[in-house]
Amino acid sequence: MKNFLQKIRYYWFGIFISAIIFISVSFFLIILLSPKQDAQKRGFIPCTEQLAQNLYACAQDKKYSCLVKEILKNSWCDVKVIGQGFSNWLAGRQPAPWSNYFFTPEPVPATWFDGKMGEHPELAIEHLQKLSEELDRKNQELQNRKEDKKDEEKR
């Protein structure tokens, strides 16, 4: 026992750093392997959506400290999701501690484009292309009118 305590005292820093690295890699893998899309928005999905909105706001403010703050806030949100899973498991509300972030995702409904384009995103692209062509045509007509007006003024 005395020999064991001497080894811990001698190697405490390596043990501490190894534990931090193990926890960080585990945390990264849990988030990496969890579902990214779900109709009910379970698991880490709300945290990620909030992070995206906050990072967009930071990009408009052009503050780099804001980016770091929001990423740390997102990490804390992810830790809360893991902790909530553990507390739900202890309370008997779910079968395993990881059930709230490792699950079979429900597909997102096909009305992702506000129901305007139906079930096919490529139809939205075709619609945008048609609108772009119409805008180009109107711009060309406007340009032709300006040229005709200049020609009439020269006469």
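This is a predicted model, so every value here is computed, not measured. (Residues numbered from 1 in each chain as written. Predicted model: local features only at pLDDT ≥ 70, side-chain atom pairs only at ≥ 80, totals over all residues. Heavy atoms only, no water.)

Undergrad: Help me understand the side chain of Glu-70 in this model?
TA: Tracing the backbone shows Glu-70 in helix H3 (residues 64-91). Sequence-distant contacts of Glu-70, that is, excluding residues within four places in its chain, are made with Leu-51, Asn-54, Leu-55 and Cys-58. (Helix = DSSP H or I, 4+ residues; strand = E, 2+ residues; numbered from the N terminus. Contact = heavy atoms within 4.5 Å.)

Undergrad: What am I meant to see in the pattern of salt bridges here?
TA: Note that side chains of opposite charge can pair when their charged atoms are close. Evaluated as defined, the whole model comprises 5 salt bridges. Between Lys-73 and Glu-70 there is a salt bridge, with the nearest N and O atoms lying 3.4 Å from each other. Here Lys-73 and its partner Glu-70 are both found in helix H3, 3 residues apart, which amounts to about one turn of the helix. Across the pair Glu-134 and Lys-138 runs a salt bridge, and its minimum N-O distance is 3.4 Å. (Salt bridge = Lys/Arg side-chain N within 4 Å of Asp/Glu carboxyl O.)

Undergrad: I would appreciate a short explanation of the state of the cysteines in the present structure.
TA: Simply put, the disulfide is a covalent bond whose two ends are the sulfur atoms of two cysteines. Scanning the entire structure with this criterion turns up 2 disulfides. Between the sulfur of Cys-47 and that of Cys-77 lies a disulfide, 1.9 Å long from S to S. Residues Cys-47 and Cys-77 share a disulfide whose torsion about the S-S bond is about -70 degrees; that sign makes it left-handed. Taken together, the residues span a long stretch of sequence, with Cys-47 in helix H2 (residues 45-61) and Cys-77 in helix H3 at a distance of 30 residues. Residue Cys-47 is classed as buried on the basis of its relative accessible area, which comes to 5%. Here Cys-58 engages in a disulfide with Cys-66; their sulfurs sit 1.8 Å apart. (Disulfide = S-S within 2.5 Å. Buried < 20%, exposed > 50% of the residue type's maximum accessible area, 1.4 Å probe, protein only.)

Undergrad: Honestly, the layout of surface pockets in this entry has me stumped. Any pointers?
TA: Think of a ball as big as a water molecule: rolled over the atoms, this probe shows where empty space is left. Volume-wise, the largest pocket comes out at about 340 Å³. Residue lining of the largest pocket: 17 residues in total, with Lys-36, Gln-37, Asp-38, Ile-45 and Glu-49 positioned closest to the centre. Of all elements in the fold, only H2 and H3 reach the threshold of two or more residues within the lining of the largest pocket. Of the residues forming the lining of the largest pocket, the biggest block, 3 residues, is contributed by H2. By residue class, the composition of the lining of the largest pocket is 8 nonpolar, 4 polar and 5 charged. (1 Å grid on protein atoms, 1.4 Å probe; cavity = no way out; pocket = protein on both sides within 12 Å on 5 of 7 lines; lining within 4 Å. Points joined across faces, edges and corners; volume = space filled by probe spheres on them. Nonpolar A, V, L, I, M, F, W, Y, C, P; charged D, E, K, R; others polar.)

What is shown is where atoms sit, not what they do.
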